[in-house]
Amino acid sequence: MNRVFWAVISATAVLGLVTGATQIDWTKPEPDEELSGGATTVHETNRRAFSLPAANMNLDRRADFAVGHAFFNMPWVEAPSSTQARDGLGPHFIGRSCTACHSSDGRAAPPEAGEQPMGLLFRLSIPGKGPHGEPKPEPTYGGQFNNQAIDGVKPEGLIEISYQPVPDKFPDGEAYTLLKPTYQFTELGYGPMHSKTQFSPRIAQQVIGLGLLEAIPEKDILSRADPADRDNDGVSGRANYVWNAITQRKSLGRFGWKANTPSVAHQTAGAANGDIGITSRHFPAEECMPSQKDCHQAPRGGKPEINDKNMASLVFYTQTLAVPARRDVDSPQVLRGKQLFHQAQCAACHVPQHTTGLVKGLPELSKQTIRPFTDLLLHDMGEGLADNRPDFEADGREWRTPPLWGIGLFQSVNGHTRYLHDGRARNVSEAILWHGGEATKAQQAYLNMPKIDREALVAFLNSL
């Protein structure tokens, strides 16, 4: 795509001709555009921006939110312990609490040199599928590599991460360097891994707005799926259907980097089990593989280790964490960036707006106009981002479109600006440049923009 072509689509897209949908004038703010989470939106930009309850939650319900907040942040300890409400850590684990990976309810970053990852976990599998269509676990280490363990149990090993610089230039001569990660499992506690082991690194994501995403009607999500690309726009979008441990049947996947989790309840209980080693009604056992005898023999904190009431509080908390408002929606640079976002067809996957349905028991989340910038569908993101590991119906090149709300506040909340599924991108620009596959046209559009437009697009994304 050269600059002449770019100038042509710039002129036409202002009238909505490129997106082909509505006649919205992207050069002006839209009504209530700053309210990313509808009436749930909070107006905070500091370290607490991701940690507040839905703005429209009443005082009585805020007490329940506070209970969930406590369980999200409290560290679990080894059993047996006098603190029986929170003993049962491990035997294997990654973090001792939810907030260990989701600090301030936000997003994790890759470890510094010489450190072990905390908020960057590694899924493991071998070719084939389990009884519910899930990836077949690696026979010695299971479905997830846990680099920590309680006393008397061996950690599964260590992870070494290195980065290869990939320098390049924009057509206008400005240089940039991407970082290509390489991973190695070392000091394996239970012997070598299977020769056909597949692994997938996944960074812990911000926890905001999960209940609102869950409240988007399934039919609205599926209406955007186009697996055969019948409209020939180069963008498909596929639904992932995954096992739901709560309902004991397959459901539409909405959460996780591969849309491999169907609900907030499943996500919360599954993470407590896989990352901390806490059992619950629907995840009644830790993953101890047959050869991990010390894991099987380790003490437990109860059956289950977190009861239904406390788990419900934790789920309520994660469902109702508010989304912060956008900033600078009327800034000329941000408006120019919004225009470019639509011209480059970023909105084909990062769908700006949805309306939630009625949610039983959660009136705060019902019938809200929200702006998460996702379609919750799977897209081929190209070889550069491929993990080559299928996950239910997602193939090794597909990832779910991540929501973009809040991405401009990572620095304020978590002190970093690391993006993509493994945190390899050090800023928004690098994240765009890693896009491939179905997003190649959008990536090329950004690559060929003049610098002033690249900066405007980044300013728009940082306003989300």
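So, how was this worked out
- Residues numbered from 1 in each chain as written.
- Predicted model: local features only at pLDDT ≥ 70, side-chain atom pairs only at ≥ 80, totals over all residues.
- Heavy atoms only, no water.
- Pairing = 2+ DSSP bridges.
- Helix = DSSP H or I, 4+ residues; strand = E, 2+ residues; numbered from the N terminus.
- UniProt positions renumbered as here; feature names shortened; annotations may be inferred.
- Core = buried A, V, L, I, M, F, W, Y, C linked by side-chain atoms within 4.5 Å.
- Buried < 20%, exposed > 50% of the residue type's maximum accessible area, 1.4 Å probe, protein only.
- Contact = heavy atoms within 4.5 Å.
- Salt bridge = Lys/Arg side-chain N within 4 Å of Asp/Glu carboxyl O.

A. The pairing of strand β6 (residues 158-169), seen in detail. Across twelve bridges, the pairing between β6 and strand β7 (residues 175-186) is antiparallel. When the sheet's bridge partners are listed, L158 is paired in β7 with T186. What sits between β6 and β7 in their antiparallel hairpin is a turn of five residues, with G173 showing a positive phi close to 100 degrees.

B. Looking closely at the UniProt feature "domain: Cytochrome c" (unreviewed entry) in the chain. Sites flagged by UniProt as "domain: Cytochrome c" (unreviewed entry) map to residues 63-322 and 332-464. Secondary structure over residues 63-322 splits into 22% helix and 22% strand, and the C-alpha atoms at its two ends are 15 Å apart. For residues 332-464, the end-to-end C-alpha separation is 15 Å, with 33% helix and 8% strand making up the annotated structure.

C. View of unusual backbone geometry. A cis geometry characterises the amide bond from A79 onward to P80, with omega recorded as 0 degrees. Along the chain, P80 turns up in the loop between α2 (59-73) and β1 (92-93). A positive phi is found at K367, a non-glycine position, where the angle reads about 55 degrees. Within the element layout of this structure, K367 appears in the loop between β11 (354-355) and β12 (369-370).

D. Quick peek at the nonpolar core. Of all hydrophobic cores here, the largest spans 103 residues; its most connected members are F145, F341, Y446, L457, F460 and L461. Among the elements that take part in this core, helix α13 (residues 451-462) stands out by supplying six residues, more than any other. Ignoring any residue separated from it by four or fewer positions in sequence, one finds Y446 in contact with F170, S429, I432, L433, R454, L457 and V458.

E. Looking closely at the pairing of strand β8 (residues 198-203). A large share of β8 lies buried, amounting to five of its six residues. Pairing between strand β2 (residues 120-129) and β8: six bridges, direction antiparallel. Bridged to L121 within β8 is R202.

F. Structural view of the pattern of salt bridges. The final tally for this structure, using the stated rule, is 19 salt bridges. R336 serves as the salt-bridge partner of D453, at 2.9 Å between the closest nitrogen and oxygen. Note that D453 is positioned in helix α13 and R336 in helix α9 (residues 332-343), a separation of 117 residues in sequence. Overall, the relative accessible area of 25% leaves R336 in the partly exposed class. The partner of R397 in a salt bridge is E383, with the nearest N and O atoms 3.2 Å apart.

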